[in-house]
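Fold and contact review
Chain by chain, the residues run as shown.
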Amino acid sequence: MASIAILIDTPQGARLLAAYSAREAALMAESVIATVARSDLPVAVSVECGSSDMADQLMNYLADVQMERVLAEAA
């Protein structure tokens, strides 16, 4: 059973990801976010796992990923 679940609400529909590690979860989520058009960013992301600290770290990381894409592609 996966220990981390991430729900990403994209314009194309919600994507539910399941992973065993934070690294795997982050890479999977980044791949989904990369498919979203810049004009549709930021998208809603929620993370559930056994550790609230890990969930917060993943949420912050994915928010940063989205912000970097918005800023990089806006220049």
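Residues numbered from 1 in each chain as written. Predicted model: local features only at pLDDT ≥ 70, side-chain atom pairs only at ≥ 80, totals over all residues. Heavy atoms only, no water.

**Some remarks on unusual backbone geometry**
The cut-off we apply is this: Numbering goes from the N terminus for both helices and strands, where a helix is a DSSP run of H or I of at least four residues and a strand is a run of E of at least two.
With omega at 0 degrees, the peptide bond leading from Leu41 into Pro42 counts as cis. By the secondary structure assignment, Pro42 is in the loop between α1 (22–34) and β3 (44–49).

**Observations regarding the nonpolar core**
As a reminder, the rule being used: Definition of nonpolar core: a set of buried residues of the types Ala, Val, Leu, Ile, Met, Phe, Trp, Tyr and Cys, connected through side-chain atoms within 4.5 Å. The rule is simple: take the accessible area with a 1.4 Å probe, protein chains only, and divide by the maximum for that residue type; under 20% is buried, over 50% is exposed, in between is partly exposed. Two residues form a contact once any of their heavy atoms are found within 4.5 Å.
Grouped together as the largest cluster of nonpolar side chains are 19 residues, with contacts concentrated most on Ile6, Ile8, Val45 and Val47. Breaking this core down by element, the ones donating at least two residues are β1 (4–10), β2 (13–19), α1, β3 and α2 (52–74). It is α1 that provides the largest number of residues to this core, a total of 5 residues. For Ile8, the residues in contact, after removing those within four places along its chain, are Gly13, Ala14, Arg15, Leu17, Ala29, Val32, Ile33, Val43, Ala44 and Val45.

**Looking at the pairing of β2**
For clarity, the cut-off: For two strands to be treated as a pair, DSSP must find at least two bridges joining them.
Here 7 bridges tie β1 to β2, and the two strands are oriented antiparallel to one another. Residue pairing for β2: Leu7 is matched across the bridge by Leu16. Between β1 and β2, which pair antiparallel one after the other, the connecting turn spans 2 residues.

**Comments concerning the side chain of Thr10**
Short version of the rule: For the purposes of these results, a polar contact is taken to be a pair of N or O atoms within 3.5 Å, where, inside protein, one atom must be able to donate a hydrogen and its partner to accept one; residues adjacent in sequence count only when each atom of the pair is a side-chain atom.
Turning to its location among the elements, Thr10 is positioned in strand β1. Here Gly13 takes part through its backbone oxygen, which lies 2.6 Å from a polar atom of the side chain of Thr10. Ignoring sequence-local partners within four residues, the contact set of Thr10 consists of Arg15, Val32, Val36 and Val43.

**Topic: the sheet that holds β1**
This is how the line gets drawn: Angles shown run from 0 to 180 degrees and are taken between the N-to-C directions of axes, each axis being a line fitted to C-alpha atoms and, for helices, limited to the stretch in contact.
A sheet is described by the order of its strands in space; here 3 strands give the open sequence β2-β1-β3, paired in antiparallel fashion. Strands with a single pairing partner mark the edges of an open sheet, and in this sheet they are β2 and β3. Here the strands of the sheet are splayed against their neighbours by 15 degrees on average, with no regard to which way each runs.

Any link to function would need more than the numbers given here.
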